[in-house]
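Single-letter residue listing:
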Amino acid sequence: MVDVQGTVADGFEPVRDAFAQNFTHRGERGAAVTVYRDGRKIVDLWAGAKNADGSDEPWRHGTAQIVRSATKGVAAAVPLLLHQRGQVDLDAPVGTYWPEFKANGKDRVLVRHLLSHRAGLPVLDTPLTPAEAVDGVSGPRALAAQAPAWEPGTDHGYHAQTYSWLLAELVLRVTGRTLGSWVAEEIAGPLGLDLWIGLPESERDRVGRIADIEAPAAPASAGLRVRAKQSVTDAYRDAASLTRRAFAAIDPLADENDPAYRAAELPASAGIATADALARFYASLIGVVDGGRRLFAPATLTMARTEESAGPDRVLVVGTRFGLGYMLHGPASPLLAPGSFGHPGRGGSLAFADPGTGLAFGYVTNGMQKNVTADPRAQALVRAVARSLAG
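Computed from a predicted model, the values in this text were never measured in an experiment. (Residues numbered from 1 in each chain as written. Predicted model: local features only at pLDDT ≥ 70, side-chain atom pairs only at ≥ 80, totals over all residues. Heavy atoms only, no water.)

Once that is clear, we can look at the pattern of salt bridges. This structure, assessed with the given rule, holds 22 salt bridges. Asp53 is paired through a salt bridge with Arg209; the nearest N and O atoms lie 2.7 Å apart. Of this pair, Asp53 sits in the loop between β3 (40–48) and β4 (65–66) while Arg209 is found in the loop between β5 (195–196) and β6 (211–212), placing the two residues 156 residues apart along the sequence. Take Arg209: its relative accessible area is 36%, and that puts it in the partly exposed class. A salt bridge links Glu169 to Arg173; the shortest N-O distance between them is 2.7 Å. Within this pair, Glu169 and its partner Arg173 are both found in helix α6 (residues 163–175), separated by 4 residues, close to a single helical turn. Under the relative-accessibility criterion, Glu169 is labelled buried at 8%. Three or more residues are tied together by salt bridges with common partners; here these are Arg85, Arg177, Glu185 and Glu186. (Salt bridge = Lys/Arg side-chain N within 4 Å of Asp/Glu carboxyl O. Helix = DSSP H or I, 4+ residues; strand = E, 2+ residues; numbered from the N terminus. Buried < 20%, exposed > 50% of the residue type's maximum accessible area, 1.4 Å probe, protein only.)

This is the structure:
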(Lines give C-alpha, C1' and ligand atoms only; values in the text may rest on other atoms or scores of the structure.)
Protein backbone atom coordinates (compact mmCIF):
# COMPACT_ATOMS: atom_id res chain seq x y z
CA MET A 1 0.00 0.00 0.00
CA VAL A 2 1.29 3.46 -0.88
CA ASP A 3 1.46 6.07 1.85
CA VAL A 4 -0.21 9.12 0.30
CA GLN A 5 0.76 12.37 1.99
CA GLY A 6 -1.00 15.73 1.84
CA THR A 7 -4.52 17.06 1.92
CA VAL A 8 -7.72 17.28 -0.11
CA ALA A 9 -10.69 19.56 0.43
CA ASP A 10 -14.06 18.04 1.27
CA GLY A 11 -15.63 16.58 -1.85
CA PHE A 12 -12.33 15.96 -3.63
CA GLU A 13 -11.56 12.64 -1.97
CA PRO A 14 -11.88 10.87 -5.37
CA VAL A 15 -8.64 12.57 -6.40
CA ARG A 16 -6.82 11.00 -3.45
CA ASP A 17 -8.28 7.60 -4.37
CA ALA A 18 -7.22 7.94 -8.01
CA PHE A 19 -3.75 9.10 -6.97
CA ALA A 20 -3.31 6.02 -4.75
CA GLN A 21 -4.57 3.76 -7.54
CA ASN A 22 -1.92 5.17 -9.86
CA PHE A 23 0.62 3.46 -7.60
CA THR A 24 -1.27 0.21 -7.15
CA HIS A 25 -2.63 -0.18 -10.69
CA ARG A 26 -0.78 2.11 -13.13
CA GLY A 27 2.89 1.66 -12.31
CA GLU A 28 3.53 4.97 -10.54
CA ARG A 29 6.82 5.23 -8.61
CA GLY A 30 6.88 8.80 -7.31
CA ALA A 31 4.54 11.67 -8.06
CA ALA A 32 2.60 14.69 -6.85
CA VAL A 33 -0.64 16.38 -7.85
CA THR A 34 -1.97 19.81 -6.89
CA VAL A 35 -5.26 21.48 -7.77
CA TYR A 36 -6.36 25.08 -7.21
CA ARG A 37 -9.91 26.36 -7.45
CA ASP A 38 -10.63 30.08 -7.62
CA GLY A 39 -7.10 30.77 -6.40
CA ARG A 40 -7.31 28.44 -3.39
CA LYS A 41 -5.41 25.17 -3.07
CA ILE A 42 -7.86 22.29 -2.71
CA VAL A 43 -5.68 19.25 -3.50
CA ASP A 44 -2.03 18.80 -2.53
CA LEU A 45 -0.82 15.19 -2.59
CA TRP A 46 2.48 13.37 -2.96
CA ALA A 47 3.73 9.81 -2.53
CA GLY A 48 6.33 7.26 -3.50
CA ALA A 49 10.07 7.60 -4.09
CA LYS A 50 11.92 10.76 -5.04
CA ASN A 51 13.97 8.86 -7.65
CA ALA A 52 12.50 6.46 -10.19
CA ASP A 53 15.68 4.41 -10.55
CA GLY A 54 15.59 2.48 -7.27
CA SER A 55 16.54 4.89 -4.50
CA ASP A 56 14.65 4.57 -1.21
CA GLU A 57 14.60 8.31 -0.56
CA PRO A 58 10.94 9.34 -0.23
CA TRP A 59 9.17 11.98 -2.26
CA ARG A 60 8.67 14.95 0.03
CA HIS A 61 6.53 18.05 -0.12
CA GLY A 62 8.51 20.32 -2.42
CA THR A 63 10.19 17.57 -4.44
CA ALA A 64 10.57 18.78 -8.03
CA GLN A 65 10.95 16.91 -11.30
CA ILE A 66 11.76 17.63 -14.90
CA VAL A 67 8.42 18.12 -16.69
CA ARG A 68 9.50 17.89 -20.32
CA SER A 69 7.02 19.58 -22.67
CA ALA A 70 4.84 20.85 -19.86
CA THR A 71 7.59 23.50 -19.87
CA LYS A 72 6.14 24.81 -23.14
CA GLY A 73 3.06 26.17 -21.38
CA VAL A 74 5.23 28.20 -19.01
CA ALA A 75 7.47 29.42 -21.83
CA ALA A 76 4.48 30.48 -23.95
CA ALA A 77 3.42 32.93 -21.27
CA VAL A 78 6.54 35.02 -21.87
CA PRO A 79 5.81 36.28 -25.41
CA LEU A 80 2.14 36.65 -24.49
CA LEU A 81 3.01 38.80 -21.49
CA LEU A 82 5.45 40.78 -23.65
CA HIS A 83 2.57 41.35 -26.06
CA GLN A 84 0.36 42.37 -23.14
CA ARG A 85 3.02 44.95 -22.19
CA GLY A 86 3.26 46.27 -25.75
CA GLN A 87 6.75 44.87 -26.41
CA VAL A 88 5.85 42.17 -28.97
CA ASP A 89 3.40 42.25 -31.87
CA LEU A 90 2.06 38.72 -32.37
CA ASP A 91 1.27 39.51 -36.01
CA ALA A 92 4.72 40.88 -36.81
CA PRO A 93 7.21 38.77 -38.76
CA VAL A 94 9.72 37.08 -36.48
CA GLY A 95 12.41 38.75 -38.60
CA THR A 96 11.31 42.11 -37.22
CA TYR A 97 12.99 41.14 -33.96
CA TRP A 98 15.49 38.58 -35.26
CA PRO A 99 16.71 39.73 -38.72
CA GLU A 100 18.83 36.64 -39.47
CA PHE A 101 15.71 34.50 -39.20
CA LYS A 102 14.36 35.78 -42.54
CA ALA A 103 16.63 33.48 -44.58
CA ASN A 104 15.36 30.62 -46.74
CA GLY A 105 11.75 31.68 -47.15
CA LYS A 106 10.99 32.53 -43.51
CA ASP A 107 10.38 36.26 -43.97
CA ARG A 108 6.62 35.73 -43.57
CA VAL A 109 6.78 33.60 -40.42
CA LEU A 110 4.83 35.52 -37.78
CA VAL A 111 5.35 35.45 -34.03
CA ARG A 112 1.97 33.75 -33.62
CA HIS A 113 3.17 30.96 -35.94
CA LEU A 114 5.92 30.08 -33.46
CA LEU A 115 3.38 29.73 -30.66
CA SER A 116 0.82 27.77 -32.69
CA HIS A 117 3.30 25.30 -34.26
CA ARG A 118 2.67 26.71 -37.75
CA ALA A 119 6.18 27.96 -38.54
CA GLY A 120 7.12 24.84 -40.53
CA LEU A 121 10.30 24.37 -38.49
CA PRO A 122 9.88 21.20 -36.41
CA VAL A 123 13.08 19.61 -37.77
CA LEU A 124 16.71 20.50 -38.42
CA ASP A 125 18.55 19.23 -41.49
CA THR A 126 21.54 18.67 -39.20
CA PRO A 127 20.53 17.72 -35.65
CA LEU A 128 22.34 19.34 -32.74
CA THR A 129 24.51 17.46 -30.30
CA PRO A 130 23.49 17.70 -26.63
CA ALA A 131 26.31 20.22 -26.07
CA GLU A 132 25.16 22.36 -28.99
CA ALA A 133 21.55 22.18 -27.85
CA VAL A 134 22.33 23.94 -24.58
CA ASP A 135 24.98 26.46 -25.65
CA GLY A 136 22.43 29.17 -26.43
CA VAL A 137 23.91 29.86 -29.87
CA SER A 138 23.82 26.75 -32.07
CA GLY A 139 20.05 26.23 -31.93
CA PRO A 140 19.06 29.76 -32.99
CA ARG A 141 21.78 29.80 -35.66
CA ALA A 142 20.56 26.49 -37.12
CA LEU A 143 16.95 27.66 -37.21
CA ALA A 144 17.88 30.97 -38.81
CA ALA A 145 19.44 29.01 -41.69
CA GLN A 146 16.81 26.25 -41.84
CA ALA A 147 14.29 26.11 -44.69
CA PRO A 148 10.69 25.38 -43.60
CA ALA A 149 9.28 21.90 -44.07
CA TRP A 150 6.02 23.45 -45.35
CA GLU A 151 4.78 26.91 -46.25
CA PRO A 152 4.68 28.75 -42.92
CA GLY A 153 1.20 29.54 -41.67
CA THR A 154 -0.56 27.01 -43.92
CA ASP A 155 -0.45 23.95 -41.65
CA HIS A 156 0.69 22.83 -38.23
CA GLY A 157 3.02 20.24 -36.77
CA TYR A 158 4.36 19.91 -33.24
CA HIS A 159 7.72 21.67 -32.80
CA ALA A 160 8.86 19.22 -30.13
CA GLN A 161 12.46 20.43 -29.70
CA THR A 162 12.87 23.47 -31.95
CA TYR A 163 10.29 25.37 -29.88
CA SER A 164 13.13 25.85 -27.37
CA TRP A 165 15.37 27.90 -29.61
CA LEU A 166 12.59 29.71 -31.47
CA LEU A 167 11.02 31.19 -28.34
CA ALA A 168 14.28 31.64 -26.47
CA GLU A 169 15.88 33.68 -29.24
CA LEU A 170 12.76 35.78 -29.79
CA VAL A 171 12.66 36.69 -26.09
CA LEU A 172 16.39 37.39 -26.00
CA ARG A 173 16.17 39.72 -29.01
CA VAL A 174 13.21 41.61 -27.56
CA THR A 175 14.26 41.89 -23.92
CA GLY A 176 17.99 41.28 -23.78
CA ARG A 177 17.28 38.58 -21.19
CA THR A 178 17.20 34.82 -21.55
CA LEU A 179 13.77 33.25 -21.36
CA GLY A 180 14.74 31.36 -18.22
CA SER A 181 15.86 34.49 -16.42
CA TRP A 182 12.71 36.32 -17.54
CA VAL A 183 10.56 33.54 -16.05
CA ALA A 184 12.57 33.60 -12.83
CA GLU A 185 12.36 37.37 -12.42
CA GLU A 186 8.88 38.12 -13.75
CA ILE A 187 6.86 34.97 -12.99
CA ALA A 188 8.40 32.45 -10.61
CA GLY A 189 9.87 34.97 -8.18
CA PRO A 190 6.83 37.22 -7.74
CA LEU A 191 4.45 34.25 -7.53
CA GLY A 192 6.63 32.14 -5.24
CA LEU A 193 6.88 29.25 -7.68
CA ASP A 194 9.33 26.37 -7.32
CA LEU A 195 9.76 26.34 -11.09
CA TRP A 196 12.88 26.82 -13.20
CA ILE A 197 13.89 26.89 -16.85
CA GLY A 198 17.54 26.52 -16.02
CA LEU A 199 17.92 24.89 -12.60
CA PRO A 200 20.16 26.81 -10.14
CA GLU A 201 22.83 24.72 -8.46
CA SER A 202 21.35 25.69 -5.09
CA GLU A 203 18.15 23.76 -5.92
CA ARG A 204 19.78 20.66 -7.38
CA ASP A 205 19.19 18.39 -4.38
CA ARG A 206 15.43 18.96 -4.48
CA VAL A 207 15.05 17.33 -7.89
CA GLY A 208 14.45 13.61 -8.30
CA ARG A 209 15.82 11.35 -11.00
CA ILE A 210 13.53 10.23 -13.79
CA ALA A 211 13.51 6.86 -15.55
CA ASP A 212 11.58 5.15 -18.32
CA ILE A 213 9.06 2.65 -16.97
CA GLU A 214 6.60 0.25 -18.57
CA ALA A 215 2.92 0.76 -17.90
CA PRO A 216 1.36 -2.41 -16.46
CA ALA A 217 -0.86 -4.39 -18.78
CA ALA A 218 -4.54 -3.70 -18.38
CA PRO A 219 -6.43 -6.53 -16.63
CA ALA A 220 -8.65 -8.75 -18.76
CA SER A 221 -11.70 -7.29 -17.05
CA ALA A 222 -10.85 -3.88 -18.52
CA GLY A 223 -11.43 -5.09 -22.08
CA LEU A 224 -9.10 -4.57 -25.03
CA ARG A 225 -6.04 -2.42 -24.46
CA VAL A 226 -6.03 0.70 -26.62
CA ARG A 227 -3.25 0.58 -29.20
CA ALA A 228 -1.73 3.36 -31.25
CA LYS A 229 -2.92 3.66 -34.84
CA GLN A 230 -0.63 1.99 -37.35
CA SER A 231 0.08 5.34 -39.02
CA VAL A 232 1.38 6.71 -35.72
CA THR A 233 3.51 3.63 -35.08
CA ASP A 234 4.94 3.77 -38.59
CA ALA A 235 5.79 7.47 -38.24
CA TYR A 236 7.81 6.87 -35.08
CA ARG A 237 9.65 3.98 -36.73
CA ASP A 238 10.52 5.82 -39.97
CA ALA A 239 13.83 7.62 -39.52
CA ALA A 240 12.96 9.98 -42.40
CA SER A 241 9.56 11.03 -41.06
CA LEU A 242 8.89 14.46 -39.63
CA THR A 243 7.88 12.67 -36.43
CA ARG A 244 11.21 10.96 -35.84
CA ARG A 245 13.21 13.94 -37.04
CA ALA A 246 11.31 16.40 -34.82
CA PHE A 247 12.00 14.45 -31.66
CA ALA A 248 15.59 13.82 -32.83
CA ALA A 249 16.49 17.48 -33.38
CA ILE A 250 18.91 16.76 -30.53
CA ASP A 251 20.90 13.63 -31.40
CA PRO A 252 21.83 11.65 -29.43
CA LEU A 253 19.21 12.42 -26.83
CA ALA A 254 20.61 14.16 -23.79
CA ASP A 255 20.75 12.55 -20.34
CA GLU A 256 17.90 14.34 -18.59
CA ASN A 257 19.36 13.48 -15.19
CA ASP A 258 22.62 15.21 -16.03
CA PRO A 259 23.05 18.36 -13.89
CA ALA A 260 24.41 20.24 -16.92
CA TYR A 261 21.26 19.48 -18.90
CA ARG A 262 19.02 20.53 -16.02
CA ALA A 263 20.91 23.79 -15.67
CA ALA A 264 20.39 24.57 -19.36
CA GLU A 265 17.57 26.78 -20.58
CA LEU A 266 15.51 24.64 -22.96
CA PRO A 267 11.96 26.05 -22.88
CA ALA A 268 10.55 23.15 -24.91
CA SER A 269 11.63 20.31 -22.72
CA ALA A 270 13.83 20.92 -19.68
CA GLY A 271 11.73 22.88 -17.20
CA ILE A 272 11.77 21.64 -13.62
CA ALA A 273 8.88 22.20 -11.25
CA THR A 274 6.79 20.97 -8.39
CA ALA A 275 3.16 20.04 -8.98
CA ASP A 276 2.17 22.99 -6.81
CA ALA A 277 4.22 25.40 -8.93
CA LEU A 278 2.58 24.24 -12.16
CA ALA A 279 -0.93 24.44 -10.72
CA ARG A 280 -0.25 27.81 -9.09
CA PHE A 281 1.18 29.14 -12.36
CA TYR A 282 -1.98 28.22 -14.27
CA ALA A 283 -4.17 29.51 -11.45
CA SER A 284 -2.38 32.84 -11.85
CA LEU A 285 -3.11 32.90 -15.58
CA ILE A 286 -6.86 32.86 -14.95
CA GLY A 287 -7.22 34.68 -11.62
CA VAL A 288 -5.68 35.94 -8.42
CA VAL A 289 -3.94 33.50 -6.07
CA ASP A 290 -3.51 34.26 -2.37
CA GLY A 291 -4.03 37.95 -2.87
CA GLY A 292 -1.28 38.13 -5.49
CA ARG A 293 -1.41 39.38 -9.03
CA ARG A 294 -3.07 37.86 -12.05
CA LEU A 295 -0.72 37.25 -14.98
CA PHE A 296 -3.03 37.33 -18.01
CA ALA A 297 -5.40 40.19 -18.66
CA PRO A 298 -8.77 38.93 -19.94
CA ALA A 299 -7.87 39.72 -23.55
CA THR A 300 -4.58 37.83 -23.27
CA LEU A 301 -6.33 34.84 -21.73
CA THR A 302 -8.79 34.81 -24.61
CA MET A 303 -5.97 34.87 -27.17
CA ALA A 304 -4.03 32.12 -25.40
CA ARG A 305 -6.90 29.65 -25.66
CA THR A 306 -8.44 30.68 -28.97
CA GLU A 307 -7.89 27.94 -31.53
CA GLU A 308 -5.06 28.70 -33.95
CA SER A 309 -4.31 25.18 -35.22
CA ALA A 310 -6.55 22.14 -35.48
CA GLY A 311 -6.68 18.87 -37.38
CA PRO A 312 -4.07 16.33 -38.46
CA ASP A 313 -0.70 17.23 -36.97
CA ARG A 314 2.20 16.74 -39.41
CA VAL A 315 4.48 15.59 -36.60
CA LEU A 316 2.28 13.81 -34.06
CA VAL A 317 0.15 12.20 -36.83
CA VAL A 318 -3.05 12.63 -34.83
CA GLY A 319 -5.54 15.47 -34.64
CA THR A 320 -4.27 18.20 -32.32
CA ARG A 321 -5.57 21.61 -31.28
CA PHE A 322 -3.41 24.56 -30.28
CA GLY A 323 -4.05 28.08 -29.13
CA LEU A 324 -1.10 30.46 -28.76
CA GLY A 325 1.40 28.16 -27.10
CA TYR A 326 -1.15 25.96 -25.37
CA MET A 327 -2.75 22.66 -26.25
CA LEU A 328 -6.52 22.83 -26.15
CA HIS A 329 -8.92 20.14 -24.95
CA GLY A 330 -9.47 17.41 -27.52
CA PRO A 331 -9.18 13.64 -28.11
CA ALA A 332 -5.39 13.73 -28.45
CA SER A 333 -4.91 15.74 -25.26
CA PRO A 334 -7.96 15.48 -23.02
CA LEU A 335 -8.12 18.15 -20.33
CA LEU A 336 -11.05 18.94 -18.06
CA ALA A 337 -13.54 20.64 -20.38
CA PRO A 338 -13.81 22.27 -23.82
CA GLY A 339 -12.52 25.59 -22.48
CA SER A 340 -9.41 24.14 -20.81
CA PHE A 341 -5.90 24.98 -22.00
CA GLY A 342 -2.49 23.76 -20.92
CA HIS A 343 0.29 21.39 -21.89
CA PRO A 344 1.33 17.79 -21.20
CA GLY A 345 4.88 16.53 -20.97
CA ARG A 346 5.93 13.43 -22.85
CA GLY A 347 5.88 10.48 -20.51
CA GLY A 348 3.61 11.81 -17.81
CA SER A 349 3.41 15.37 -16.52
CA LEU A 350 0.39 17.59 -17.17
CA ALA A 351 -0.64 21.12 -16.27
CA PHE A 352 -3.66 23.16 -17.34
CA ALA A 353 -6.33 25.63 -16.34
CA ASP A 354 -10.06 25.66 -16.92
CA PRO A 355 -11.49 29.18 -16.65
CA GLY A 356 -15.07 27.90 -16.66
CA THR A 357 -14.64 26.09 -13.33
CA GLY A 358 -11.78 28.19 -11.96
CA LEU A 359 -9.64 25.02 -11.78
CA ALA A 360 -5.87 24.82 -12.23
CA PHE A 361 -4.13 21.44 -12.24
CA GLY A 362 -0.50 20.29 -11.95
CA TYR A 363 0.82 16.71 -11.97
CA VAL A 364 4.48 15.64 -12.04
CA THR A 365 6.01 12.18 -12.00
CA ASN A 366 9.44 10.56 -12.14
CA GLY A 367 8.29 7.46 -14.07
CA MET A 368 8.24 8.19 -17.80
CA GLN A 369 5.76 5.97 -19.62
CA LYS A 370 5.43 5.63 -23.42
CA ASN A 371 2.99 8.38 -24.25
CA VAL A 372 3.15 11.89 -25.64
CA THR A 373 -0.07 13.72 -24.83
CA ALA A 374 -2.44 11.54 -22.77
CA ASP A 375 -0.81 9.73 -19.87
CA PRO A 376 -3.21 7.26 -18.18
CA ARG A 377 -2.14 8.34 -14.68
CA ALA A 378 -2.75 12.02 -15.39
CA GLN A 379 -6.04 11.22 -17.09
CA ALA A 380 -7.22 9.19 -14.09
CA LEU A 381 -6.59 12.23 -11.90
CA VAL A 382 -8.40 14.58 -14.30
CA ARG A 383 -11.41 12.25 -14.36
CA ALA A 384 -11.40 12.20 -10.56
CA VAL A 385 -11.39 16.00 -10.50
CA ALA A 386 -14.37 15.99 -12.87
CA ARG A 387 -16.24 13.52 -10.64
CA SER A 388 -15.53 15.66 -7.61
CA LEU A 389 -16.88 18.76 -9.34
CA ALA A 390 -20.01 16.84 -10.33
CA GLY A 391 -20.61 15.95 -6.70
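This part is about the packing of aromatic side chains. For the structure on display, the rule yields 10 aromatic pairs. Ring centres of Phe19 and Phe23 lie 5.5 Å apart, and the angle between their planes is 80°; this geometry places the pair in the edge-to-face category. Placement of the pair is Phe19 and Phe23 together in helix α1 (residues 13–25), with a separation of 4 residues, close to one helical turn. Linked through ring pairs, Tyr158, Tyr236, Phe247 and Phe322 together constitute an aromatic cluster. The lysine or arginine in question, Arg346, covers the ring of Phe247, its NZ or CZ lying 4.3 Å from the ring centre. (Phe/Tyr/Trp six-rings, centres within 6.5 Å; stacked < 30°, edge-to-face > 60°. Lys NZ or Arg CZ within 6 Å of the ring centre and 35° of its normal.)

Now for unusual backbone geometry. Going from Asp251 to Pro252, the amide bond is cis rather than trans, its omega being 0°. Looking at the secondary structure, you find Pro252 in the loop between α9 (242–247) and α10 (259–263). In this model, Asp38 sits at a positive phi of 50°, which is unusual for a non-glycine residue. Residue Asp38 is classed as exposed on the basis of its relative accessible area, which comes to 61%. Unlike most non-glycine residues, Asn104 shows phi in positive territory, near 55°. Residue position: Asn104 is located in the loop between α2 (71–84) and α3 (111–115). Note on Asn104: relative accessible area 48%, which makes it partly exposed.

Tracing the backbone through its elements, the reader meets His156 in the loop between α5 (138–145) and α6. Taking relative accessible area as the criterion, His156 reaches 0% and is therefore assigned buried. There is a polar contact of 3.5 Å between the side chain of His156 and the backbone oxygen of Gly311. Polar contacts involving the side chain of His156 include one to the side chain of Thr320, which spans 2.9 Å. For His156, the residues in contact, after removing those within four places along its chain, are Ser116, His117, Arg118, Trp150, Ser309, Ala310, Gly311, Pro312, Asp313, Arg314, Thr320 and Phe322. (Polar contact = N/O pair within 3.5 Å; in protein donor to acceptor, adjacent residues only side chain to side chain. Contact = heavy atoms within 4.5 Å.)

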